[in-house]
Amino acid sequence: MKKALSYYKAKLILIFFIAQLLLLAVVDTRGQAADTARKASLISVTDSNSIVEKARRFGRFEIEQSIQEFRQDLAATRRKEILEAIKNETFNARDFVKNGIDTAGLARELRQISDWYQVSLNGILINTGTAQTYRNLVTSDILVNELKQRLTTRKLKLDAYTRQLLNYRNKIDSFATDSALFTTPSDSVGAAQYFSELLAAAKVIAPADSIVKKAITNVQLAQQQVNAMVNVMSTTLDNIENYQKDLAATTFKRDFSNLGDSILFKQSLREIITLSALKGELALFFYAGNNIGKIIILLVLIAMSYIFIHSLRKRLAEDGRLSSDMTGQLVFRYPFLSAILIVTSIFQFIFIQPPFIFNLILWLSSGIALTFIFRGFITRYWWIVWLTVFVLFIIASGINLILQASRPERWIMLVVSLSCFLAMLIIFITGNKKDLKEKWIIYFIGLAVLLEMGAAIANIYGRYNLSKMLLTTGIFNIVTGILFAWTIRLINEGLLYANELYKTSERNLFYLNFKQVGTTAPTLFRAFFIIGWVILLGRNFYAFNQITDPVINFMVKPRNLGAYSFTVAHIATFFGTLIIATIVSKVVSFFATDKHDDEGKRVRGIGSWLLLVRIAIISTGIFLAFAAAGIPLDKITIIVGALSVGIGFGLQTLINNLVSGLIISFEKPVNVGDIVEIRGRAGVMKSIGFRSSIMTTSDGAEVVIPNGDLLNEHLVNWTLNDSTRRVDIMVSVAYGTELEKIKPLILGIVQQDQRIATFPAPVVLVKDFAGSSIDFQIYFWATDIREWSQIKSDILIQIEKVFKLNDITIPLPAQDIYLHPETTKSDSPEIK
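How each quantity is defined
Residues numbered from 1 in each chain as written. Predicted model: local features only at pLDDT ≥ 70, side-chain atom pairs only at ≥ 80, totals over all residues. Heavy atoms only, no water. Helix = DSSP H or I, 4+ residues; strand = E, 2+ residues; numbered from the N terminus. Buried < 20%, exposed > 50% of the residue type's maximum accessible area, 1.4 Å probe, protein only. Contact = heavy atoms within 4.5 Å. Areas by Shrake-Rupley, 256 points an atom, 1.4 Å probe, with all protein chains shown as cover. Phe/Tyr/Trp six-rings, centres within 6.5 Å; stacked < 30°, edge-to-face > 60°. Lys NZ or Arg CZ within 6 Å of the ring centre and 35° of its normal. Salt bridge = Lys/Arg side-chain N within 4 Å of Asp/Glu carboxyl O. Pairing = 2+ DSSP bridges. Axes fitted to C-alpha atoms, helices over the stretch in contact; angles between N-to-C directions. Parallel < 35°, antiparallel > 145°, perpendicular 65-115°, else oblique. Nonpolar A, V, L, I, M, F, W, Y, C, P; charged D, E, K, R; others polar.

Draft legend 1. Expanded view of the overall build of the chain. When helices and strands are tallied, the chain shows 23 helices and 14 strands. Burial statistics for the chain: of 832 residues in total, 40% are counted as buried. For the chain, the proportion of contacts with a sequence separation of at least 24, taken over those separated by at least 6, is 75%. When the accessible surface of the chain is totalled, it reaches about 45800 Å², and 62% of it is carbon and sulfur.

Draft legend 2. Layout of the side chain of serine 338. Examined against the element boundaries, serine 338 turns out to sit in helix α8 (residues 335-347). On the basis of relative accessible area, serine 338 is assigned to the buried category, the value being 0%.

Draft legend 3. Expanded view of the packing of aromatic side chains. Applying the stated criterion to the full structure yields 20 aromatic pairs. Among the aromatic residues, ring-to-ring pairing joins Phe356, Trp363, Phe374, Phe377, Trp386, Phe390, Phe393, Phe476 and Trp486 into one connected group. The residue whose ring lies beneath arginine 725 is tryptophan 718, and the NZ or CZ to ring-centre distance is 4.4 Å. Taking the ring centre of tryptophan 788 as reference, the NZ or CZ of arginine 725 above it sits at 4.0 Å.

Draft legend 4. Up close: the pattern of salt bridges. The tally for this structure, following the rule as stated, stands at twelve salt bridges. When the shortest N-O distance is used, the salt bridge between aspartate 728 and arginine 726 registers 3.1 Å. Residues lysine 804 and glutamate 800 are paired through a salt bridge, measuring 3.1 Å at the closest nitrogen-oxygen approach. Remark: glutamate 800 and lysine 804 occur in helix α23 (residues 788-805); sequence separation between them is four residues, near one turn of the helix. Through salt bridges with shared partners, a single network forms among Asp753, Arg755 and Asp794.

Draft legend 5. Expanded view of the sheet that holds strand β10 (residues 725-733). The sheet built from three strands is open, its strands ordered β10-β12-β11 with antiparallel pairing. Each edge of the open sheet is held by one strand with a lone partner, namely β10 and β11 (763-769). The mean angle between the axes of side-by-side strands here comes to 25°, regardless of whether they run parallel or antiparallel. In terms of strand pairing, β11 meets strand β12 (residues 774-782) through six bridges, oriented antiparallel. Along β12, the bridge assignment pairs valine 763 with tyrosine 779. In the packing of helix α22 (residues 739-752) onto the sheet, contacts are made with β10, β11 and β12, and the angle to β12 comes to roughly 20°.

Draft legend 6. Focus on the pairing of strand β8 (residues 702-706). Residues Val703 and Ile705 line the buried face of β8, whereas the alternating positions Glu702, Val704 and Pro706 sit on a face that is not buried. Pairing analysis gives five bridges linking strand β7 (residues 692-697) to β8, with the strands arranged antiparallel. In the strand pairing of β8, methionine 695 is matched with valine 703. Linking two consecutive strands that pair antiparallel, namely β7 and β8, is a turn of four residues; a positive phi of about 95° is found at glycine 700 within it.

Draft legend 7. Looking closely at the pairing of strand β5 (residues 675-678). As paired elements, β5 and strand β6 (residues 681-688) share four bridges and run antiparallel to each other. Considered in β6, the bridge of isoleucine 678 is made with arginine 681. Between β5 and β6, which pair antiparallel in sequence order, lie two residues; one of them, arginine 679, sits at a positive phi of approximately 55°. Direction of pairing for β5 relative to strand β9 (residues 716-717): antiparallel, over a ladder of two bridges. When the sheet's bridge partners are listed, valine 676 is paired in β9 with asparagine 717.

Draft legend 8. Quick peek at the packing of helix α6 (residues 269-290) against helix α9 (residues 356-374). It is the contact of α6 with α9, at a shortest axis distance of 8 Å, that shows an interaxial angle of 75°. Put simply, α6 runs roughly perpendicular to α9. Between α6 and α9, the contacting residues are Gly280, Leu284 and Tyr287 on the first element and Ile357, Phe358 and Ile361 on the second. In terms of residue class, the contact of α6 with α9 is built from five nonpolar, one polar and no charged.

Draft legend 9. Focus on the environment of serine 619. If you trace the backbone, serine 619 turns up in helix α18 (residues 609-629). On the accessibility criterion, serine 619 (30% relative accessible area) is partly exposed. The sequence separation of serine 619 and leucine 578 amounts to 41 residues, and the corresponding C-alpha distance is 9.5 Å.

Read these as layout, nothing more, since geometry by itself doesn't imply function.
Listed below in structure tokens is the structure:
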């Protein structure tokens, strides 16, 4: 590769130009004399030459001089451009180095990774015992994989950084080798000036060029070190994989000597615990850092679940239905603890291949929450059983965190396995099963009896890895089974009371019809927990990885469809992101929709803005789904553009309704919860969707109205500005009634009603003299339009009572008929 323009190259150029100057100094005077002689010879041409020939020769000379001067000017301009370009590129490279990778920090990080790598190898390639242990291999595999991933990330950054540095260097070399840079002016003055410019540029460029060269050297050394470490770790991972395969093939063979035999290799338990704690801490630190987003999602789900359970509890307390002993209402006893138990039990499976210590934190959180929920609820016998199981679980978890074998640990394992075997056997045989809330937990206890007996036997006869797997699996099987069983129970209780409390359609959670969901968890939900229980237990065995690894490889294997490359995991991520966006949209819809207070009055939420919020959430979800799936957005725009013409012609009505929904959201002619009237039908606006809106009529019918019709029809909104309504009542009295007495009586009735507005004030007017009565018209304003019918009814009842007390007659329609006989002229009798 060409070398950059350095300070030494500037010296060579300097020597070259000094030689040029010396040569020019000698020939300059000769050149001037020669030019003068040539001009004189041209002027002093013999008279025999024609004037035309003189002019032609003189013109040719001037043209040659002009061309030469023009070329020299172009060369000078080009030289200045090259020098300026070299300086700019060198300074850009210098700034890039200053703002680029901190090689000193990188060196410290590599030393830290190397130290962590040495910790990971302990017990496998360093300080190896008589045999390998499965837990140590699994933990070391996690650590080395993480370290390799970190090194790979640094390697990619180093490669990109090096390519950019070399790109700067190649540009500088291409400018430095330009022929124009070595073309000197013909006159000595111009050459001296160019030499000065070149010398000044070389002095400025040399330090920056040195920095770039040093950076390239350092980065290349770092690249070599990183590449070597990546190769070593790849080899280590292959060795760990081979060790795991060997252990899986010899699961039932002896790992160590029998428990009572002599020890061939001895390492103190304290050293093993210290090393195991360090490895566990590193594994937790790495995994939590890589999955911080999922952890935040888990915490948010716990908070949302708590809010929902707490709202159910509050509603039950307000209705006086919250029992003191919490029978059938255990989920409401401690809403926050119930939320922790439910969410951690369900959503722990979003964490792919977590280290054991991470799983332990989730299980301990759920177990502690369930312990407080149990207290005072289950019988004392089963309370003691749960505490015994939970304590054994904590001890077994501590044993599982120990990564290397030792004789003291094996004795502890034997004591724990035998204790668990005897305790579970006694519970299984003599336990008071009638008081057991979840009957099928007894099967988990029976399975634990078998596993713990096998663990004790395997430990005695030197099958250490098999013994530890059976010991931990037996305890974990009970705890996870109890956690899942009570999670289903709490979910059933929550669904039962949600079904009772949220019967109205506008308040259904997530638009979920609880009547269709039922009062118990679906069978598919129970199947999910059974599969989850099997997965949690299977993680303790290497054979489980042999089953799951092909599935994972199937998910992440690249596949090609034409020029597009995809994976099944990307497709799953795409649809999963869309589903999550839809769920979040519905969650926001549930919590942001308008509510009603205890008196049935509407408390406004965000109204029609909810549609814009949902559109924003779903649009964001769509873009995130495409980005997560690795689908280029430019291709999406091409597809959308191609479909826009067809959509414009074929889906005009749909697009009209969608755009109308947006217009409704911005202009707000109607809000969710408004009382409206359209096409002669009145009702309450239940929801405003993307394409259509739903209005609930007074008789319970739900009318689906396209958004375009809401804008095109003459919409009457009774509650656009306020919730008042004018009420008209006509009252008739008989002729002969004292009219001055009527108005004060009616006003007194109206003014006493607190539901009637004082401004505008009620009005009583004489309307007409009818055929059989005198009609009065009453006008007043109801403060709540939802009560106007009831107010009118109450006012009419009060008027009827007051009229009776004051002997005021409300006449019936009457008509006098007179008959005139043809034979007589006398008056006909009156018939009424």
